Amino acid sequence: MSATRFGIERAELATLLDGHPRYRLDQVWAAMYAQGGEPSSWTTLPKGLRDELAHALPRELSEKASSVSDDGDTIKFLFETSGGHRIETVLMKYSDRATVCVSTQAGCAMGCSFCATGQAGFSRHLTVGEIVEQVALAKEAAASTGRRLTNVVAMGMGEPLANEDALWPAMQRIHDDFGLSARHLTVSTVGLIPGIRRLAERPLPVTLAVSLHAARDELRNQLIPINRRYPIRDLMNACRDYVESRRRRMSFEWAMIDGVNDSVRDAEELARLCREIRPVVHVNLIPLNRTPGYPVSGSSHARIQAFRAVLDSAGVPVTVRRNRGNEIDAACGQLAAGQPIKISRKT
Ligand code: SAH
Ligand code: SF4
């Protein structure tokens with residue numbers, strides 16, 4: 001495959017720049033990662049080289065639309081890959097940080113019942129360049145409003161630990177070349193145990209989030225089919241080994257589904273699992289976002305508070321996450337890339 005803007009490695013770029021002064025390598029790399037934008041704007045370089053680079057290092061994603069919500073604080077981008085697949089990336093600006101939620105696959109093969117991406121099925125893995133480019137574009141979008149991108153979460157479309165070949169080189173690049181700290185990089189998984197075990201061995205100590213959603217196999221099997229292969233007991237052992245070897249905090253994600261996983265009993269079961277890993281596990285409660293294929297609502301405020309109270313009294317740290325991007329289908333689990341985009345700006 002020929003080189004791409006964010007797929008090319010430094011050594012390959014050095015070969016591409018053969019015949020140019022050696023300092024050009026650093027200049028071009030800095031232009032790509034620190035400065036951003038198109039080669040035509042890289043005025044530290046001679047015009048001929050800029051033209052050459054524009055041709056030799058094409059971008060892999062084209063922006064088809066973007067939608068804005070939360071008074072401009074949440075932006076969802078719809079990108080098309082060179083093969084015509086559609087993926088989504090969400091930039092969320094908070095008072096103290098700006099986070100981009102990146103996709104790692106076009107679609108997802110895991111088939112979780114409540115998730116729009118899962119309902120749509122799997123198309124293909126994204127490449128290193130496609131994952132890094134989502135971050136580059138979000139960084140530019142944040143910078144255009146005077147904000148610095150601080151966090152990356154692999155929590156968009158797809159299962160990151162099913163695409164480790166692209167995920168890890170991409171995370172390394174984001175760390176080394178965009179300069180984001182490993183603590184500010186998060187990988188969210190449905191619970192692929194071999195991948196969690198390998199995570200403990202990786203040089204880059206990113207933050208782990210496990211999408212749990214149920215604390216007993218009978219219920220988790222219904223919501224998350226892969227639980228049949230990687231049941232809760234084995235998953236907890238992998239999580240405990242991970243936090244013991246890495247000495248890092250991790251989180252459990254829990255979508256609050258009305259009448260399904262939001263009872264006091266569910267909360268008590270979850271608290272019991274957390275106690276095994278305590279004090280380093282943090283629970284994030286996210287009211288379920290409705291999706292076309294799973295017409296169940298998120299839990300009411302009262303049920304969320306009652307659930308939370310059980311965790312609080314068990315001493316489990318818990319956050320109720322604000323729902324970002326709901327009205328533009330950019331919230332967790334709503335990313336399907338096929339839905340109509342409500343406020344669109346063609347580029
Ligand atoms: N495949 C990975 C990462 C992408 S999904 C994973 O499953 O962790 C990102 C998060 O959105 C996961 O925590 C997932 O469980 C959650 N999610 C999926 N559908 C949702 C929905 N309809 N409402 C709220 N959260 C949802
Ligand atoms: Fe895939 Fe995550 Fe959606 Fe499950 S919740 S289908 S693993 S993207």
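Shown above is the structure to which this text applies.
Residues numbered from 1 in each chain as written. Chains lettered and ligands numbered in written order. Predicted model: local features only at pLDDT ≥ 70, side-chain atom pairs only at ≥ 80, totals over all residues. Heavy atoms only, no water.

Explain the nonpolar core residue by residue, including any values.
Judged by nonpolar contacts, the single largest core of 103 residues is most densely connected at Phe114, Phe178, Phe252, Leu270 and Val283. When residues of this core are assigned to their parent elements, the largest contribution, 9 residues, is made by helix α5 (residues 128–143). Setting aside chain neighbours within four positions, we find Phe252 in contact with Val210, Leu212, Met236, Cys239, Leu270, Cys274, Ile277, Val281, His282, Val283 and Asn284. Counting 6 residues, the second largest nonpolar core, distinct from the first, contains Cys101, Val153, Met157 and Leu335. (Core = buried A, V, L, I, M, F, W, Y, C linked by side-chain atoms within 4.5 Å. Buried < 20%, exposed > 50% of the residue type's maximum accessible area, 1.4 Å probe, protein only. Helix = DSSP H or I, 4+ residues; strand = E, 2+ residues; numbered from the N terminus. Contact = heavy atoms within 4.5 Å.)

A description of the site of ligand 2 should follow, citing residues and the corresponding values.
Taken together, Cys108, Met110, Gly111, Cys112, Cys115, Gly118, Gly158, Glu159 and Val190 are the residues near ligand 2. Tallied by class, the residues present in the shell around ligand 2 amount to 5 nonpolar, 3 polar and 1 charged. (Near = heavy atom within 4 Å. Nonpolar A, V, L, I, M, F, W, Y, C, P; charged D, E, K, R; others polar.)

Tell me about the sheet that holds strand β2 (residues 74–80), and please be specific about residues and values.
The 10 strands are arranged β1-β2-β3-β4-β7-β8-β9-β10-β11-β12 in an open sheet whose pairing can be described as mixed. Strands at the two margins of the open sheet, each flanked by one partner only, are β1 (62–69) and β12 (318–320). On average, adjacent strands in this sheet sit at an angle of 20° to one another, irrespective of strand direction. Alignment of strand β8 (residues 185–189) against strand β9 (residues 207–211), held across 4 bridges, turns out to be parallel. Within β9, the position partnered with Val187 by the bridge is Leu208. The sheet contacts of α5 involve β2, β3 (86–93), β4 (98–101) and β7 (151–154), and relative to β3 the element is tilted by about 40°. Relative to the sheet, helix α6 (residues 164–177) contacts β7 and β8, its axis offset from that of β8 by approximately 160°. (Pairing = 2+ DSSP bridges. Axes fitted to C-alpha atoms, helices over the stretch in contact; angles between N-to-C directions.)

Quick one: what's the story with the state of the cysteines, residue by residue and with numbers?
The tally for this structure, following the rule as stated, stands at 0 disulfides. Cysteine Cys239 is unpaired, with the sulfur of Cys274 as its nearest cysteine sulfur at 9.9 Å. Judged by relative accessible area, Cys239 falls into the buried class, the value being 0%. (Disulfide = S-S within 2.5 Å.)

How would you explain the site of ligand 1 if you had to name every residue and give the values?
Around ligand 1 sit 18 residues in total, of which Phe114, Ser188, Ser211, His213 and Asn289 are the nearest. Between ligand 1 and the protein, one listed contact pairs a nitrogen atom with a backbone N or O atom of Gly158 at 3.0 Å. Between Ser188 and ligand 1, the recorded distance is 2.7 Å, taken from a side-chain N or O atom to an oxygen atom. Notes on ligand 1: free accessible area 530 Å², of which the protein chains cover 95%. By residue class, the composition of the shell around ligand 1 is 7 nonpolar, 9 polar and 2 charged. (Polar contact = N/O pair within 3.5 Å; in protein donor to acceptor, adjacent residues only side chain to side chain. Areas by Shrake-Rupley, 256 points an atom, 1.4 Å probe, with all protein chains shown as cover.)

I'd love a proper account of helix α11 (residues 301–313), names of residues and values included.
Its 13 residues place the ends of α11 18 Å apart at the C-alpha level, agreeing with the 18 Å of an ideal helix rising 1.5 Å per residue. The complete set of buried residues in α11 reads Ile304, Phe307, Val310 and Leu311. Down the axis of α11, the smallest arc covering the buried residues is 120°, so these residues share one side. Of the exposed residues in α11, those oriented more than 90 degrees away from the buried face are His301, Ala302 and Ser313. Those residues of α11 that are buried lie in contact with β10 (250–256), α10 (264–277), β11 (281–287) and β12. Within two residues after α11, Gly315 carries a phi angle of roughly 80°, on the positive side. (Expected span 1.5 Å × (residues − 1). Arc of directions from axis to C-beta.)

Tell me what's going on with unusual backbone geometry, and back it up with residues and numbers.
Here the phi dihedral of Asp70 falls at roughly 50°; this positive angle occurs in a residue that is not glycine. Examined against the element boundaries, Asp70 turns out to sit in the loop between β1 and β2. Positive phi, normally seen in glycine, also occurs at His213, with a value near 65°. Within the secondary structure layout, His213 lies in the loop between β9 and α8 (217–223).

By themselves, these observations are geometric and do not establish any function.
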